[in-house]
Amino acid sequence: EAQVTQNPRYLITVTGKKLTVTCSQNMNHEYMSWYRQDPGLGLRQIYYSMNVEVTDKGDVPEGYKVSRKEKRNFPLILESPSPNQTSLYFCASSSQSREQYFGPGTRLTVT
Amino acid sequence: GESVGLHLPTLSVQEGDNSIINCAYSNSASDYFIWYKQESGKGPQFIIDIRSNMDKRQGQRVTVLLNKTVKHLSLQIAATQPGDSAVYFCAENQGGTYKYIFGTGTRLKVLA
């Protein structure tokens, strides 16, 4: 089944403790992206990647890092999480057609 | 999940009626537009897209209209069903980039 998977689905952590949210797709898509979703603000793009070893900032990249060492994986790294990064995170992938497929989401709480 | 929909505008329609959800986009250089449906606890799901060289595109029970003059996008759902209840987002994209801008969404409630 074609899908985008994210892990973990739920995470509660404390300020400053480094964490990684994994994202994997099995559709051989070139493009992958991370979004955060907050009430009243919709989805905002954090980082995106056009292909292996090619990444670029979205609208809200501060406090996040990404890497794209393999085509199928695009992890999101929070080196020192803060409470304002409490949010619902989505990973997405697409081919050249630009139709994005989204993962199920990761709900992160930073206390 | 539910919490992201707390402050959204809501459209309530009777089952069987047609629904129209509107969206204003921001970038006149955007040339690709998408509508997504998001059910509670799930990620956004692609519904239909349209490129800027078109004014209208039809899918199964859905139609997207694009008015570039006023930067307006609409999604029409025919014969709305209970399973259509969800939050609907529009998104815009400028060709040659992979930057997407999403609208804040509209909650559609289908009344039995």
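Definitions and cut-offs
- Residues numbered from 1 in each chain as written.
- Chains lettered and ligands numbered in written order.
- Predicted model: local features only at pLDDT ≥ 70, side-chain atom pairs only at ≥ 80, totals over all residues.
- Heavy atoms only, no water.
- Phe/Tyr/Trp six-rings, centres within 6.5 Å; stacked < 30°, edge-to-face > 60°.
- Helix = DSSP H or I, 4+ residues; strand = E, 2+ residues; numbered from the N terminus.
- Buried < 20%, exposed > 50% of the residue type's maximum accessible area, 1.4 Å probe, protein only.
- Contact = heavy atoms within 4.5 Å.
- Buried area = accessible area lost by both parts, 1.4 Å probe.
- Polar contact = N/O pair within 3.5 Å; in protein donor to acceptor, adjacent residues only side chain to side chain.
- Nonpolar A, V, L, I, M, F, W, Y, C, P; charged D, E, K, R; others polar.

## As for the packing of aromatic side chains
For step 1, the next point in the chain: All chains considered together, the criterion is met by 11 aromatic pairs over all chains.
For step 2, the next point in the chain: Ring geometry for Phe102 of chain A and Tyr36 of chain B: centres 5.3 Å apart, planes at 85°, overall edge-to-face. A residue pair is termed interchain when its members come from two chains, as with Phe102 of chain A in strand β10 (residues 101–102) and Tyr36 of chain B in strand β3 (residues 32–38). Per residue, the accessibility class of Phe102 of chain A equals that of Tyr36 of chain B, and both read buried.
For step 3, the next point in the chain: Both rings, one in Phe102 of chain A and one in Phe102 of chain B, keep their centres 6.2 Å apart while their planes meet at 85°; by these two values the pair is edge-to-face. Here Phe102 of chain A is found in strand β10, whereas its partner Phe102 of chain B is found in strand β9 (residues 100–102) on a different chain.
For step 4, the next point in the chain: Of the residues examined, Phe102 of chain A reaches a relative accessible area of 11% and is grouped as buried.
For step 5, the next point in the chain: Put simply, the rings of Tyr35, Phe90 and Phe102 of chain A together with Tyr36 and Phe102 of chain B touch in pairs and so form one group of aromatic residues.

## Focus on the interface of chain A and chain B
For step 1, the next point in the chain: Each side of the interface is counted separately: chain A has 26 residues, and chain B has 24 residues.
For step 2, the next point in the chain: For the pairing of chain A and chain B, the buried interface totals around 2100 Å² over both sides, and the portion due to carbon and sulfur atoms is 53%.
For step 3, the next point in the chain: Broken down residue by residue, the surface that chain A buries against chain B is led by Leu43, Arg98 and Phe102 of chain A, which jointly contribute 29%.
For step 4, the next point in the chain: Put simply, chain A and chain B have 4 residue pairs in polar contact (both at pLDDT 80 or more) between them.
For step 5, the next point in the chain: Secondary-structure elements contributing two or more residues to the side of chain A that touches chain B are β4 (31–38), β5 (42–51) and β9 (87–94) of chain A.
For step 6, the next point in the chain: Per-element tally for the side of chain A that touches chain B: the top contributor is β5 of chain A, with 5 residues.
For step 7, the next point in the chain: In terms of residue class, the side of chain A that touches chain B is built from 11 nonpolar, 9 polar and 6 charged.

Geometry only, nothing functional implied.
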